[in-house]
Amino acid sequence: MQVVIFGCGYSGTAIAQAFQADGFRVLGTTRSSEKVDALRAKGIDALLFDGETLSGELLAAMESATHVVQSIAPREAGDPVIRLTADRVRTLIPQLEWIGYLSTVGVYGDHKGNWVNEDTPCIPVSGRSRERLEAEQAWLALGEDLGIPAAVLRLSGIYGPGRNAFCNLARGTARRLIKKDQVFNRIRVEDIGASTRFLADGKLGGIYNVTDDLPGPPQDVIVEAARLMGVEPPPEQPFETAELTPMARSFYGENKRVSNEKLKAAGFNFAFPNYPASLAQLLHGDLWRGA
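The model shown is predicted, which means the values in this text are computed figures rather than measured ones.

Let us look at the pattern of salt bridges. Under the counting rule described, the total for this entry stands at 16 salt bridges. For Arg176, the salt bridge goes to Glu236, with nearest N and O atoms at 3.5 Å. Here Arg176, found in strand S9 (residues 176-178), pairs with Glu236, found in strand S12 (residues 236-238); they are 60 residues apart in sequence, far enough to count as distant. A salt bridge links Arg197 to Asp201; its shortest N-O distance comes to 3.6 Å. Of the two residues, Arg197 and Asp201 both sit in helix H8 (residues 189-201), four residues apart, roughly one turn of that helix. The class of Arg197 is buried, set by a relative accessible area of 11%.

Structure representation (structure tokens):
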């Protein structure tokens, strides 16, 4: 059994490790020669893929792939893998059994802090979220056309080893921005890997929110991490007057609580269902700095 992961970055590597644990051969693509070496050091067969051309080595790997996971962000021309393969998937990936597409809860847009689930209408605010929604629809349609389960995983804010509030506090980049009633959703990266493997193992298709049980104000995460580290949290800053990049400010334009009940009802158990326990595990296990 072999899985090809298009865009084997932070989440893709966690997915690779979840499949490796079940004996899969894993091939992951990256745009960087340096990252090729890093992936190979983790036992992942790594190849370069620029989103424009499928190399002979990549085509050969696709011929024996039983599972495909796509995490590369779409572009103005659409999803790069769909664009290069859609009309000849049966030929290029003849053994394909399951498709996973990594999307974002950003496709829901702003819901004024209310709860949303997979049946909630999507009203994406940003252009990048609209592109993600179009890519979701393309992958679901492709799966239906092929008669293969295609799962869309809508991910919330990703954190884990090497990417967390402790790292930001240690670097001095943590900020405690205050915007009234603002909440964000988050997910530990290992749970992304485990949930992807779970959906693939069950040959489950459709849309699933991959997010923990505890949406909450972003400043609360900083305060909890500082408490665990035994350091002072950064001072509060009003969101309205804070200096932010346009992208950072745009994240605060969406406010929603994302439900994970569908994934749990399917039988998935989150290893890290809330950020306080997850942060404590990262710190006490000395995992927070990452590899």
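Anyway, onward from the coordinates.
Attention now moves to the sheet that holds strand S1 (residues 2-6). The seven strands lie next to each other as S3-S2-S1-S4-S5-S7-S11, forming an open sheet whose pairing is parallel. In the strand order of this sheet, the two ends are held by strand S3 (45-48) and strand S11 (206-210), each with one partner. Sheet twist, expressed as the mean angle between neighbouring strand axes with direction ignored, is 20°. As paired strands, strand S5 (residues 98-104) and strand S7 (residues 150-155) are joined by six bridges and run parallel to one another. Bridge assignment links Tyr101 to a residue of S7, and that residue is Val152. Along the sheet, helix H1 (residues 10-20) makes contact with S1, strand S2 (25-30), strand S4 (67-70), S5 and S7, crossing S1 at roughly 175°.

Phi is mostly negative for residues that are not glycine, and the peptide bonds are mostly trans. In this structure, Lys203 takes a positive phi of about 50° despite not being glycine. Within the secondary structure layout, Lys203 lies in the loop between H8 and S11. Positive phi, normally seen in glycine, also occurs at Asp286, with a value near 55°. Tracing the backbone through its elements, the reader meets Asp286 in the segment after helix H12 (275-284).

What follows deals with the packing of aromatic side chains. In this description, a pair of aromatic rings is defined by centroid distance and the angle of the planes. Counted according to the given criterion, the structure contains eight aromatic pairs. Measuring from ring centre to ring centre gives 5.0 Å for Phe268 and Phe270, while their planes differ by 80°; the resulting arrangement is edge-to-face. Classification of Phe268 by relative accessible area gives buried; the value is 5%. Cluster of aromatic residues (ring-pair linked, three or more members): Phe184, Phe239 and Tyr252. In this structure, Arg249 is placed above the aromatic ring of Phe239, and the distance from its NZ or CZ to the ring centre is 4.7 Å. One cation-aromatic arrangement involves Lys262 over Tyr208; the distance from NZ or CZ to the ring centre is 4.6 Å.

With that settled, consider the pairing of S2. When you tally the buried positions in S2, you get five out of six residues, the bulk of the element. Across four bridges, S1 lies against S2 in parallel orientation. Residue pairing for S2: Val3 is matched across the bridge by Val26. Crossover handedness for the path S1 to H1 to S2: right-handed. Sheet topology note: the S2/S3 ladder contains four bridges and is parallel. Note that in S3 the partner of Thr29 across the bridge is Leu47. Read from S2 through helix H2 (residues 33-41) to S3, the crossover connection turns out right-handed.

Close contact between H1 and H8 brings their axes to 8 Å; oriented N to C, the two are set at 50°. Between H1 and H8, the crossing angle belongs to the class labelled oblique. In this structure, H1 crosses over H8, and the sense of that crossing is right-handed. On H8, the residues touching Tyr10, Ser11, Ala14, Ile15, Ala18 and Phe19 of H1 are Val189, Ile192, Gly193, Ala194, Thr196, Arg197 and Ala200. Looking at side-chain class alone, the contact of H1 with H8 contains nine nonpolar, three polar and one charged residues.

Packing of helix H9 (residues 218-229) against H12 brings their axes to within 10 Å, and their N-to-C directions diverge by 35°. Along this stretch, H9 crosses H12, giving a crossing that reads as right-handed. Facing Asp220, Val221, Glu224, Ala225, Leu228 and Met229 of H9, the residues of H12 in contact are Tyr275, Pro276, Leu279, Ala280 and Leu283. Here the residues of the contact of H9 with H12 are counted per class, giving nine nonpolar, no polar and two charged.

Reading the values: rules and limits
Residues numbered from 1 in each chain as written. Predicted model: local features only at pLDDT ≥ 70, side-chain atom pairs only at ≥ 80, totals over all residues. Heavy atoms only, no water. Salt bridge = Lys/Arg side-chain N within 4 Å of Asp/Glu carboxyl O. Helix = DSSP H or I, 4+ residues; strand = E, 2+ residues; numbered from the N terminus. Buried < 20%, exposed > 50% of the residue type's maximum accessible area, 1.4 Å probe, protein only. Pairing = 2+ DSSP bridges. Axes fitted to C-alpha atoms, helices over the stretch in contact; angles between N-to-C directions. Contact = heavy atoms within 4.5 Å. Phe/Tyr/Trp six-rings, centres within 6.5 Å; stacked < 30°, edge-to-face > 60°. Lys NZ or Arg CZ within 6 Å of the ring centre and 35° of its normal. Right-handed = clockwise from strand over helix to strand, strands pointing away. Parallel < 35°, antiparallel > 145°, perpendicular 65-115°, else oblique. Left-handed = near helix turned anticlockwise from the far one by under 90°. Nonpolar A, V, L, I, M, F, W, Y, C, P; charged D, E, K, R; others polar.

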